[in-house]
Amino acid sequence: MSKHKGKLKSISFYWKLLATYTAIVMMAIIALGTYSYQSSMKTLEEHTRSSLSGSLELMKENIMYTIMELNKIADQIYLDETIQRAFLREFDAEQSYYFYHEYLIPKFESTLKMSTDFLWITLYANNQTIYEKYYSEEKKSLTTGKGYELRKAKEGGELWYNQLNYMPVKRYWLEVEEDKDNGALSLIMPLINFNSITPIGWLRVNIKKKDVFRALDSQKLGVMSNLFIVDNETKKVVYSNDRESIPEKVSDEEYLIVEQLINNDEWSLIAFIPKIELEKNTGKIRKATLLACAITFFVIMFISFALTKMLTKRINKISRSMNAFKEGSFHKRINFKSNDEFAVIAQSFNEMAQTIERLIYEVYMSDISKKEAELQMLQNQINPHFLYNTLSTISRLAKLGELDQMHQMVLGLSKFYRLVMNTGVMIIPLELELQQVQAYLDIQRTKYGDALKIVYDIKCDTSRILTLKLLLQPFLENALIHAWHHESLYIYVRCWSSSDRVYIEIEDNGCGIEPDKVKKLNENPESVGYGIRNVTERIRLYYGPDYGVRISSQLGEGTFIHIEIPLEMKED
């Protein structure tokens, strides 16, 4: 991976820019071509859908005309008041026979003559005194002619009319009895006594499905198209002249689906047209789209070559001037006769060249100031007063013959200055800083004895955490010089770390600091003691203004020093 990245970095800006133009142009043309092609396909699909909707609307109107004619035929019986009155009265055998032959037969025959299709009309009467006339299945056939029957309605849950609800003017289109085997449908209407709205029987008009839906012709929609009449309540196919069931796993990607509601929204007329049929007409659209994209690509690429050459010519001039500037030719200048962005870059380059010496000088002086601050810190730590007092203590111990104590103090002084002066390195492990603190405090304990109590609480890996040298000793020295208040002095040194910071605290139980002075120490350390100012400046110099020292104190109770620096780990 890194090898490929190196090769990419070595490619000139000319080829990178040209490659970028090429990629952008190709993406734009592909997107535009895809959009154009899809839009054309969508337009074609919408046009096809509109045309299909028109064809389906015409089929729907023809089917509805057939249904309306059947309803008119049914109404001849359904609305006949004589039949209604007859179904409500009590007949003897002679009266019933007479009513059937003298009135119903002529009524049936005149009604059947209203249709050219083969129909069977059946009346089911709740009146059990009515004359009954029906035919065997062999004689009753919709393929050979028309017919009519008069039956007594019987009780029993298995009979289809006992499973329907009596609803005035409700019309059912169902497959009952032999309809499914004969490919027929029955228009069923409840006969109601319109005076009392009570059921008196059922009317059934039986007709072949192909006669009801003769207007369906899938060939008008396409060779592979299918048409279905679907019951909206049961979702079952009522009729299809192509296949018995809807294609499985139907999706909009494979089929163009057009739907029309018919028969008072009871049925749906659904057309399935495979999109493969539509794609036969998309070849010309695809070729035209590809040709337009190809021409557009070559024209834009020609413009891209010219534009790339013009831009990289100026960039190369800027690059050569920058390389000369890097080699020390600060007199190099760029002149463009234009007011565009390249002229702005050239002007900025020229201004940079004019001010570079001043910037170098300022950086150089800043580095000198930094070194001087470090030097002042070192000079402050090599405190002659501390050294003289220590040597004086060693002298007294020698006169008193306290050779062991004198030996310990000399070792502590040696260790202290060895740690302070080690090779001039300013960034050291926190472990060494704490050792320097311990060496300093050990010297002081030799001087003060048991009156000086030191407690360490270290909760991090000090061997791997890096810090500035001599951050803590100035605060400890201040505590010993200024904080001693009681017969003994307790000093607590704590250290711990978080995910991104290191926290160091020094606490004593000394006399404390006045509030005004604490405020000055926190807000303006330059106005007070040199040691605190030295530490604060060094922390800000190395780590930035987000880190530093915070001091809090209570008179008569002690002083609390809190130091924060970033967490930097030593490499293994």
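Everything here concerns the structure above.
Residues numbered from 1 in each chain as written. Predicted model: local features only at pLDDT ≥ 70, side-chain atom pairs only at ≥ 80, totals over all residues. Heavy atoms only, no water.

### Here's the deal with the sheet that holds strand β14 (residues 501–508)
In a beta sheet, neighbouring strands are held together by backbone hydrogen bonds and run either parallel or antiparallel to one another. One open sheet holds the five strands; their spatial order is β11-β13-β14-β16-β15, and the pairing between them is mixed. A strand with exactly one partner marks an edge of an open sheet, and here the two such strands are β11 (452–458) and β15 (548–554). Going across the sheet, the axis of each strand differs from the next one's by a mean of 10 degrees, ignoring polarity. Note that β15 and strand β16 (residues 558–566) share seven bridges and pair antiparallel. Among the inter-strand pairings, I551 is bridged to a residue of β16, identified as I561. (Pairing = 2+ DSSP bridges. Helix = DSSP H or I, 4+ residues; strand = E, 2+ residues; numbered from the N terminus. Axes fitted to C-alpha atoms, helices over the stretch in contact; angles between N-to-C directions.)

### Topic: the side chain of D117
Positionally, D117 belongs in the loop between α4 (93–112) and β1 (119–125). For D117, the contacting residues outside a window of four places in its chain are K146, I207, D211 and R214. (Contact = heavy atoms within 4.5 Å.)

### Notes on helix α12 (residues 430–448)
With 19 residues, α12 extends 26 Å from end C-alpha to end C-alpha; this agrees with the ideal 27 Å at 1.5 Å per step. What α12 keeps buried is the set L430, E433, L434, Q436, V437, A439, Y440, L441, I443 and Q444. One or two residues past the end of α12 sits G449, with phi positive at roughly 70 degrees. (Expected span 1.5 Å × (residues − 1). Buried < 20%, exposed > 50% of the residue type's maximum accessible area, 1.4 Å probe, protein only.)

### Topic: the nonpolar core
F87, L123, L203, F213, L216, I229 and W267 are the most contacted members of the largest nonpolar core, which totals 52 residues. If you tally residues by element for this core, the top one is helix α2 (residues 13–78), at 10 residues. Once you skip the residues sitting within four places of it in the chain, F87 turns out to touch L123, Y124, A125, N127, I130, L150, L191 and I200. Counting 46 residues, the second-largest nonpolar core is a separate cluster that includes L452, L472, A479 and I551. (Core = buried A, V, L, I, M, F, W, Y, C linked by side-chain atoms within 4.5 Å.)

It is worth stressing that arrangement in space is one thing and function is another; only the former is reported here.
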